[in-house]
Amino acid sequence: MSYSYNSISYTLKEMYDQRWTADGTTSRKFARPQNTNADKYGLSDAYIFDGSYFRIKQIQLGYTLPRTVTKKFLVDKLRVYASLDNFFLFTKYPGLDPEVSSTATSGMGVDYGNYPTTKKVVFGLSVTF
């Protein structure tokens, strides 16, 4: 996964943690994080990160009430459920989300600082008459 140096205003926390400072530290990975330093990354691999990840897209737990209970309410089938969508992401990628990137073909695999995938908690009731 590549991080876009053009959007330097959205800078990774790692860039601040590993930035050069005037205290004489020479083992830092990044230059000072400012707009005028964007050119230092244009031809560099400093913005290339491992974008591998494992995401559990959905976990759902449900219970269908027995027909002996539901027919008292003139219901054929009644199911109650809860779902967690996009809740678990396992990665070492320093950006917000390794799954989101540009929709353009030329930007595939490039993180432009888009919002991460939304997490949802869904509760539901399925009734069949």
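Since this is a predicted model, take the numbers as computed values, not measurements.

Reading the values: the criteria
- Residues numbered from 1 in each chain as written.
- Predicted model: local features only at pLDDT ≥ 70, side-chain atom pairs only at ≥ 80, totals over all residues.
- Heavy atoms only, no water.
- Helix = DSSP H or I, 4+ residues; strand = E, 2+ residues; numbered from the N terminus.
- Buried < 20%, exposed > 50% of the residue type's maximum accessible area, 1.4 Å probe, protein only.
- Areas by Shrake-Rupley, 256 points an atom, 1.4 Å probe, with all protein chains shown as cover.
- Pairing = 2+ DSSP bridges.
- Axes fitted to C-alpha atoms, helices over the stretch in contact; angles between N-to-C directions.
- Patch = residues over 30% accessible without salt bridge, like charges linked within 9 Å, V, L, I, M, F, W, Y side chains within 5 Å.
- Salt bridge = Lys/Arg side-chain N within 4 Å of Asp/Glu carboxyl O.
- Polar contact = N/O pair within 3.5 Å; in protein donor to acceptor, adjacent residues only side chain to side chain.
- pLDDT = per-residue confidence, 0-100.

## Topic: the overall build of the protein chain
Along its length, the protein chain carries 2 helices and 5 strands. Ordering the α and β elements of the protein chain from the N terminus gives β-α-β-α-β-β-β. When the 129 residues of the protein chain are sorted by exposure, 26% land in the buried category. Of the roughly 9100 Å² that the protein chain leaves accessible, carbon and sulfur atoms contribute 57%.

## So, the sheet that holds strand β2 (residues 53–64)
Reading across from one edge, β2-β3-β5 is the order of the 3 strands in this open sheet, with antiparallel pairing throughout. Both edges of this open sheet fall to β2 and β5 (120–128), since each of them pairs with a single strand only. Direction aside, the axes of adjacent strands within the sheet are offset by 20° on average.

## Things to note about a nonpolar patch on the surface
On the surface, a cluster of nonpolar side chains totalling about 390 Å² of accessible area is made up of Phe54, Ile59, Phe88 and Phe90. Mapped by element, the contributors of at least two residues to the nonpolar patch are β2 and β3 (77–91). Of note, Phe54 is situated in strand β2.

## Topic: the environment of Asp85
Tracing the chain through its elements places Asp85 in strand β3. C-alpha of Asp85 to C-alpha of Thr117: the two residues are 32 residues apart in sequence and 9.8 Å apart in space. Engagement of the side chain of Asp85 in a polar contact is seen with the side chain of Gln58, the distance being 3.3 Å. Only 2.7 Å separates the side chain of Asp85 from the side chain of Ser83, close enough to count as a polar contact.

## Describing the pairing of β3
Relative to β3, β2 runs antiparallel, the two being bridged by 11 bridges. When the sheet's bridge partners are listed, Arg55 is paired in β3 with Leu89. As paired elements, β3 and β5 share 9 bridges and run antiparallel to each other. The residue of β5 that forms the bridge with Ser83 is Val122.

## Quick notes on the confidence of the model for the protein chain
Note: predicted coordinates in regions of low pLDDT should not be interpreted at a detailed level. Looking at the protein chain, pLDDT values average 78 and 65% of them are 70 or higher. The least confident element of the protein chain is strand β1 (residues 2–3), whose mean pLDDT is 56; the most confident is β5, at 96.

## Some thoughts on the pattern of salt bridges
Evaluated as defined, the whole model comprises 4 salt bridges. Measuring nitrogen to oxygen at the nearest pair gives 3.2 Å for the salt bridge that ties Asp97 to Arg55. Residue Asp97 is located in the loop between β3 and β4 (110–111), and its partner Arg55 is located in strand β2; the two are separated by 42 residues in the primary sequence. Arg55 matches Asp97 in its accessibility class, with the two residues each being buried. Asp76 is the partner of Arg67 in a salt bridge, and the nearest nitrogen-oxygen pair spans 2.1 Å.

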